[in-house]
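Chains, contacts and geometry: an overview
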Amino acid sequence: MSTYQYVSHRISLFAVAKYGVEASRGGIFWRSHIHVITSLPYDIFRRALLSLYLVAMAEGNDTSYQGGYSGGASYQGGADRGSRSGASGATAAGDPIFDRVPPHDDDAEMAVLGGMLMSKDAIGEVSQTIDVTDFYQPKHQTIYNAIIDLFSASQPVDVVLVANQLLADGNLEKVGGADYLHSLVASVPTAANAMYYAEIVHQRAILRNVIAAGTKIAQLGYSAEGSQAEDVVNLAQSEIYEMSMGKVRQDYAAIGPVVHDALDQLDKLQNGLVQKGVPTGFRDIDDVTQGLQPGQMIVVAGRPAMGKSTLGIDFARAAALHHNMTSVVFSLEMSKVELAQRIISAETNIPMAALRRADDITPERWNTLNNFWNKMQNAPFFIDDSPNMSLMEIRAKCRRLKQTNDLKLVVIDYLQLMTSGKAVESRQQEVSEFSRALKLLAKELEVPVVALSQLNRGPEMRNDKKPQLSDLRESGSIEQDADVVFLVHRPDFYDKEDRPGEADIIMAKHRNGPTETFHLAFLGATSKFKDMPQDYNANQGV
């Protein structure tokens, strides 16, 4: 009997003695340790089992194991441990969970590293395909990091230089010494196939991520007592999304690499290598915000009929129709046809009233409409007017669009019309949950989320009728969670002689910069806002 079988059996017997028969078949004892142990490499995995055995001997009944392993009914299985390239590949009987090694291919990992040590071209190609976490063996991760460090510093890469780098980092002996590096080069005849080996390594890493995600989802289901089923489903969808996008959740990061990434982004911005953000279509707003940034929650708020929906649609039009960035509008207030009419009117300058009266559509206007329709055939603009849409539905649809169409902007019209479908203590608490969830969605998908919101009657009580941040309706969490808050104010709504056709877009909050008030023209007939002339502020004495 192998040590692995012996230790596993002793722990199983201890679990039976202390927690009952079911404990050895995936019950209390295993559930309390499985998430830690199964994430370890095989050699550490065995040591973890031994440690648990020692704990069992200290706490349990030492007479529970007599006469060695007999292969009785209390410990059955025989699941195949799976082949381990570069290892013995032996199988052993045992618990079906503990007796399986995560998918990996040691030979492919060695071949990848060997190819990288032989060819600098292979390093560039491989580094675009796999990440350090794709390697299963810790020593291979360490060697890969050393190679990438040299390559990033524009230094030559070979066995001697990598060995020196590992020695300087104190890792040479941990990976097996210089002899192991030479064996990597000897294990591959040519560097030409490095990409094929890298693909094998990457595929095995994906399978491990699938197993990890499935295990976590199962744990969510078993530990969901008292939780809303929809919340658990959302967490499960999030796990699958992160796994499919290749993301690994990380608890913390050292400040050095984070600062380096920030400076690297600044350098790319200066050299025009990356876009500033999702453009809003308005000159002055884009100048202050540098575009709507990924991960931000932007709130556009206003009193009824003030134009907040129009501004939200303008943001989406600018991104999708003028910059080819995939955008989606979730409309809880208007139908698809109403939204389409607004978009058609804004883009073609045909008044919305004319689109509702057939007699006003002349042959010239029909020609304009047909040309616009032809341009819209492949436009990355999506509209969803599903009734009673829940937050879970919105999240699921956004995740799908991110995977299939590289989603860049989300607009939700509007926040107070959303429902959770579950009992809550108050409407304020429900809106607070929506606000927080949308902020988390923006961070998860790395896209700006524009949430339209109603204001309370606070502006009506003031002499100047101007809205303030505190006027956000039904929840103070909205102003807390938002990165940017735009308040829409049109003076001529209250007094037709007060700056007719003008609108103030008040940036009441800007987490990453100064606040400002932007002056735009409001074209109600064609349902859009428009930049004021360049010299408007100078003429106003601003």
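These notes cover the structure that comes with them. (Residues numbered from 1 in each chain as written. Predicted model: local features only at pLDDT ≥ 70, side-chain atom pairs only at ≥ 80, totals over all residues. Heavy atoms only, no water.)

**Digging into the sheet that holds strand 4 (residues 409-413)**
- In space, the 9 strands of this open sheet follow the order 3-2-4-5-1-6-7-8-9, with mixed pairing throughout. Only two strands of the sheet have a single partner each, and these edge strands are strand 3 (381-384) and strand 9 (528-531). The average undirected angle you get between the axes of adjacent strands in this sheet is 25 degrees.
- Inspection of the sheet shows strand 2 (residues 327-331) paired to strand 3 by 4 bridges, in the parallel sense. (Pairing = 2+ DSSP bridges. Helix = DSSP H or I, 4+ residues; strand = E, 2+ residues; numbered from the N terminus. Axes fitted to C-alpha atoms, helices over the stretch in contact; angles between N-to-C directions.)

**What about unusual backbone geometry?**
- With a phi close to 55 degrees, N324 is a non-glycine residue in the positive phi region.
- Mapped onto the elements of the fold, N324 is located in the loop between helix 13 (308-323) and strand 2.
- When its relative accessible area of 59% is taken as the criterion, N324 is described as exposed.
- Although it is not a glycine, K465 sits at a positive phi angle of roughly 65 degrees.
- Position of K465 among the secondary structure elements: in the loop between strand 5 (449-454) and helix 19 (477-481).
- Residue classification places K465 among the partly exposed residues on the basis of a relative accessible area of 24%. (Buried < 20%, exposed > 50% of the residue type's maximum accessible area, 1.4 Å probe, protein only.)

**As for a nonpolar patch on the surface**
- The grouping of I255, V258, V259, L263, L266 and L269 at the surface amounts to a nonpolar patch, some 530 Å² of accessible area in total.
- When you line up the elements, V258 lands in helix 11 (residues 255-270).
- In this structure V258 comes out as partly exposed when scored by relative accessible area, which is 40%. (Patch = residues over 30% accessible without salt bridge, like charges linked within 9 Å, V, L, I, M, F, W, Y side chains within 5 Å. Areas by Shrake-Rupley, 256 points an atom, 1.4 Å probe, with all protein chains shown as cover. Salt bridge = Lys/Arg side-chain N within 4 Å of Asp/Glu carboxyl O.)

**Looking at the packing of aromatic side chains**
- Inspection of every chain in the model, using the stated rule, returns 5 aromatic pairs.
- On the basis of an interplanar angle of 45 degrees and a centroid distance of 5.1 Å, the ring pair of F135 and Y144 is categorised as tilted.
- Following the ring pairs from residue to residue traces out a cluster consisting of F282, F315 and F486. (Phe/Tyr/Trp six-rings, centres within 6.5 Å; stacked < 30°, edge-to-face > 60°.)

**Details of the pairing of strand 1 (residues 297-302)**
- Burial analysis of strand 1 places 6 of its 6 residues in the buried class, the great majority of the element.
- Across 6 bridges, the pairing between strand 1 and strand 5 is parallel. Paired with M297 across the strands is V449, a residue of strand 5.
- Taken together, the 4 bridges between strand 1 and strand 6 (residues 484-489) define a ladder with parallel strand orientation.

**With respect to the pattern of salt bridges**
- For the coordinates displayed, the defined rule picks out 16 salt bridges.
- D384 is the salt-bridge partner of K397, the closest N and O atoms lying 2.7 Å from each other. Taken together, the residues K397 in helix 17 (residues 391-405) and D384 in strand 3 connect sequence positions 13 residues apart. Here K397 and D384 have matching classes, each one buried.
- The closest approach of N and O atoms between R499 and E502, which form a salt bridge, is 2.9 Å.
- Note on R499: relative accessible area 26%, which makes it partly exposed.
- Among the charged side chains, a salt-bridge network with shared partners connects D314, R317 and E347.

**Details of the packing of helix 4 (residues 106-118) against helix 6 (residues 138-152)**
- For the pair helix 4 and helix 6, interaxial distance at closest approach is 11 Å and the crossing angle is 20 degrees. In terms of orientation, helix 4 and helix 6 fall into the roughly parallel class. Note on packing geometry: the crossing formed by helix 4 with helix 6 is left-handed. Within the contact between the two elements, helix 4 uses D106, E109, M110, L113, M116 and L117 and helix 6 uses H140, I143, Y144, I147 and I148.
- Residues that form the contact of helix 4 with helix 6 fall into these classes: 8 nonpolar, 1 polar and 2 charged. (Parallel < 35°, antiparallel > 145°, perpendicular 65-115°, else oblique. Left-handed = near helix turned anticlockwise from the far one by under 90°. Contact = heavy atoms within 4.5 Å. Nonpolar A, V, L, I, M, F, W, Y, C, P; charged D, E, K, R; others polar.)

**A closer look at helix 5 (residues 120-127)**
- Looking only at helix 5, the buried set comprises A122, I123, G124 and V126.
- Tucked into the core, helix 5 has its buried residues touching helix 4, helix 6 and helix 9 (194-222).
- Where helix 5 begins, the capping side chain belongs to S119, and its oxygen is found 3.3 Å from the backbone nitrogen of A122. (Polar contact = N/O pair within 3.5 Å; in protein donor to acceptor, adjacent residues only side chain to side chain.)

**Some thoughts on the pairing of strand 4**
- Summarising burial for strand 4: 5 of the 5 residues are buried, a large majority.
- Side chains L409, V411 and D413 project from strand 4 onto one buried face, and the interleaved V410 and I412 project onto a second face that is buried too.
- Here 5 bridges tie strand 2 to strand 4, and the two strands are oriented parallel to one another. Across the sheet, the residue bridging to S327 is L409, located in strand 4.

**Considerations on the environment of R499**
- Mapped onto the elements, R499 comes out in the loop between strand 6 and strand 7 (502-510).
- A polar contact of 2.6 Å, which involves the side chain of R499, links it to the side chain of D504.

**Points about helix 7 (residues 159-168)**
- Inspection of helix 7 places V159, V162, A163 and L166 among the buried residues, and these make up the whole buried set. The buried residues of helix 7 occupy an angular sector of 100 degrees when the element is viewed end-on, so they sit on one face. Those residues of helix 7 that are exposed and aimed more than 90 degrees away from the buried face are V160 and A168.
- Considering only its buried residues, helix 7 is in contact with helix 4, helix 6 and helix 8 (177-186).
- For helix 7, the N-terminal capping position is held by D158, with its side-chain oxygen 3.2 Å away from the main-chain nitrogen of V160.
- Once helix 7 ends, the next one or two residues include G170, with phi positive near 75 degrees. (Arc of directions from axis to C-beta.)

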